[in-house]
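Now for the letters of each chain:
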Amino acid sequence: MRYLPLDEISEEMRLARPIFNSDGRVLLSNGVKLSKTYLERLRAMGYERLYVYQDDGKQTDFTTSISDQTTGEAILSVKESFAKASKRQQLNIKQVNEVIDYILDEILSNPTVLFNIMDLKNHDNYYYLHSVNVCVISTIIGKKLGLARDKMKELATGALLHDLGMVCIDPQIFSQRRRLSEEEMAEVKEHPKYGFGLLRSSRELSILVAHTAYQHHERMDGSGYPKGLSGNDIHLYGKIVAVADSYETMTSERVYRKALWSHEAIRELKENTPEKYDPEVVEAMIETAAFYPVGSVVALNTNEEAVVVDVTSKKITIQFSTGPRINAIYELEPDSEIKIESRLS
Ligand SMILES: [Fe+2]
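What you see is a predicted model, and the numbers here were worked out from it, not measured in a lab.

A. Quick look at the overall build of the protein chain. Along the protein chain, the regular secondary structure elements total 12 helices and 10 strands. For 345 residues, the compact-globule estimate of 2.2 N^0.38 gives 20 Å, and the protein chain sits close to it at 20 Å. Burial status across the protein chain gives 52% buried among its 345 residues. Considering only contacts within the protein chain whose residues lie at least 6 apart along the sequence, 63% involve residues at least 24 apart. Put simply, the protein chain shows about 15,700 Å² of open surface, and 47% of that area lies on carbon and sulfur atoms. Computed over 42 positive and 51 negative side-chain charges, the inter-centroid distance for the protein chain is 3 Å.

Put into C-alpha cells, the structure is as follows:
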C-alpha cells in the first residue's frame, strides 16, 4: 500500500482508504479499482494523493484512530453544525454529543491508538475533515495527559467545533484559492471570537467548549490572537487544540503550499516550543502522532526501502519494497535491528 500522487496512480491499482464527501458519506470505498474516469473525477474534485494498493497480493489492514463509520458521522455533524451556525440557529447538541461519545469510546478502548494517517481532503470537505482530525488528535493528547472522560468530552467538543466561527467570515475570502491579503487575514483572525459567541449561546454546552474555540490561536508568548493571551492565561484545552490544529494544518495540502511530512511538522512544533506551544502538550503530541504515517516510503539502515503499512504506539509494520526481501512484511519494535533512517516519499 502506498500514498501516491494522482499522476503516479495507474488503472490496475485499488483504493486503500475511503474517500468521504462533505456529507460524511463514502464516495469511493476501499478496494475500488481506480479507473480512468474515477481518477479524472477525483482530480477535478481537488484530490492530489490517494492511498492505493499496488497489486492483488495479500494486503494488511491498517489501524486507524477512529472507524470509517465514526469519521463519516463526525464529518456530517460538523457540516450540520456549520450550516446551523451560519443561519444563527441552535446547534443540534444531541447529535454532536453522540458523535463525541463514539469518538471517545473508540479512542479510550484502543490502548495503542496513534494518529497515523494523512487524510484525504479536498476543497469541499476540507474544513469538516480538518475539524474531525483536530478533534481526534486533541482527544488522543488529552488521553495521554490523563484527563478524565468528562474533561475529554469538553476538550473533544471544543476541538470538533473550534473553527465554527468561520461561518461568520465572508465566504468570498475562501473562494479566492490563493494566499490572503493582510486585510482578509485580519477578518479571518476574528473567527475565534465569533466561534466563542456562537458556542456560548448554546446553553447545553460547557462554557469551556466556547473558550476552547476562543483560544485555539493564542500562543504561549502572547503572539497569538484574538486576545494575545500568554502562558497559563490560556486554558489547557486551548493549548491542546492549538497544537493539534497547527499539526493538522501543516500536514495538509493547500492551494498555496505543499503539505509538510508528519516528522517535519513535529520538528516545527518542537522548534517553536516553549515560545508558541506548551512543552507538556507538545511532548504528548509527539507520542500521539506517527512519525512515519501509513503509506510512507522509508529508507532502512540495511540499504533497503520499505512502505509503512501499519503504525501503533507499540510497533511499526513495514513491507519491503526493494532488495531480496521484497514484499515481505516485518514488524519493527523499538529494539529491532532494522531501523528507519529517513522518509523518501
Ligand atoms: Fe482556527
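B. Spotlight on the packing of helix α10 (residues 236-250) against helix α11 (residues 262-271). It is the contact of α10 with α11, at a shortest axis distance of 9 Å, that shows an interaxial angle of 140°. Classified by the angle their axes make, α10 and α11 are oblique. The crossing of α10 and α11 is right-handed. Contacts from Val 243, Ser 246, Tyr 247 and Met 250 of α10 reach α11 at Ser 262, Ala 265, Ile 266, Glu 268 and Leu 269. Considering only residue class, the contact of α10 with α11 consists of 6 nonpolar, 2 polar and 1 charged.

C. Structural view of the coordination of the iron ion. Those donors, Asp 163 (OD), His 191 (NE2), His 216 (NE2) and His 217 (NE2), are the protein atoms that reach the iron ion, and they lie 2.2 to 2.3 Å from it. Each of the 4 donor atoms around the iron ion contributes to a set of angles spanning 82 to 169°, which defines the coordination as irregular. Exposure remark for Asp 163: the relative accessible area of 4% places this residue in the buried category.

D. Seen up close, the side chain of His 216. With respect to the secondary-structure elements, His 216 resides in the loop between α9 (207-215) and α10. Within the local environment of His 216, its side chain forms a polar contact with the side chain of Asp 163, the two groups lying 3.2 Å apart. When neighbours within four sequence positions are excluded, His 216 is seen to be in contact with His 162, Asp 163, His 191, Pro 192, Gly 238, Val 241, Ala 242 and Asp 245.

E. Local environment of the packing of helix α3 (residues 93-108) against helix α5 (residues 149-160). Interaxial distance between α3 and α5 falls to 10 Å at its minimum, and their mutual angle equals 120°. Between α3 and α5, the angle falls in the class oblique. In this structure, α3 meets α5 at a crossing whose hand is right-handed. Side by side, α3 and α5 meet where Val 96, Asn 97, Ile 100, Asp 101, Leu 104, Asp 105 and Leu 108 of the first sit next to Arg 149, Met 152, Lys 153, Ala 156, Thr 157 and Leu 160 of the second. Looking at the contact of α3 with α5 residue by residue, the classes come out as 7 nonpolar, 2 polar and 4 charged.

F. Seen up close, helix α12 (residues 279-288). Among all positions in α12, only Val 281, Val 282, Ala 284, Met 285 and Thr 288 are buried. What you see down the axis of α12 is that its buried residues fit within an arc of 160°, all on one side. Check the buried side of α12 and you find it contacts α4 (126-144), α10 and α11. The opening residue of α12, the one whose side-chain oxygen lies 2.9 Å from the backbone nitrogen of Glu 280, is Asp 278.

Rules used in this analysis
Residues numbered from 1 in each chain as written. Predicted model: local features only at pLDDT ≥ 70, side-chain atom pairs only at ≥ 80, totals over all residues. Heavy atoms only, no water. Helix = DSSP H or I, 4+ residues; strand = E, 2+ residues; numbered from the N terminus. Rg over C-alpha atoms; globule rule 2.2 N^0.38 Å. Buried < 20%, exposed > 50% of the residue type's maximum accessible area, 1.4 Å probe, protein only. Contact = heavy atoms within 4.5 Å. Areas by Shrake-Rupley, 256 points an atom, 1.4 Å probe, with all protein chains shown as cover. Lys, Arg positive; Asp, Glu negative; His and termini not counted. Charge placed at Lys NZ, Arg CZ, Asp CG, Glu CD. Axes fitted to C-alpha atoms, helices over the stretch in contact; angles between N-to-C directions. Parallel < 35°, antiparallel > 145°, perpendicular 65-115°, else oblique. Left-handed = near helix turned anticlockwise from the far one by under 90°. Nonpolar A, V, L, I, M, F, W, Y, C, P; charged D, E, K, R; others polar. Donors = N, O, S within 2.8 Å, 3.2 Å for Na, K, Ca; no water. Tetrahedral: all angles 85-135°; square planar, octahedral: opposite > 155°, others 65-115°. Polar contact = N/O pair within 3.5 Å; in protein donor to acceptor, adjacent residues only side chain to side chain. Arc of directions from axis to C-beta.

The values are spatial; any link to function lies outside them.
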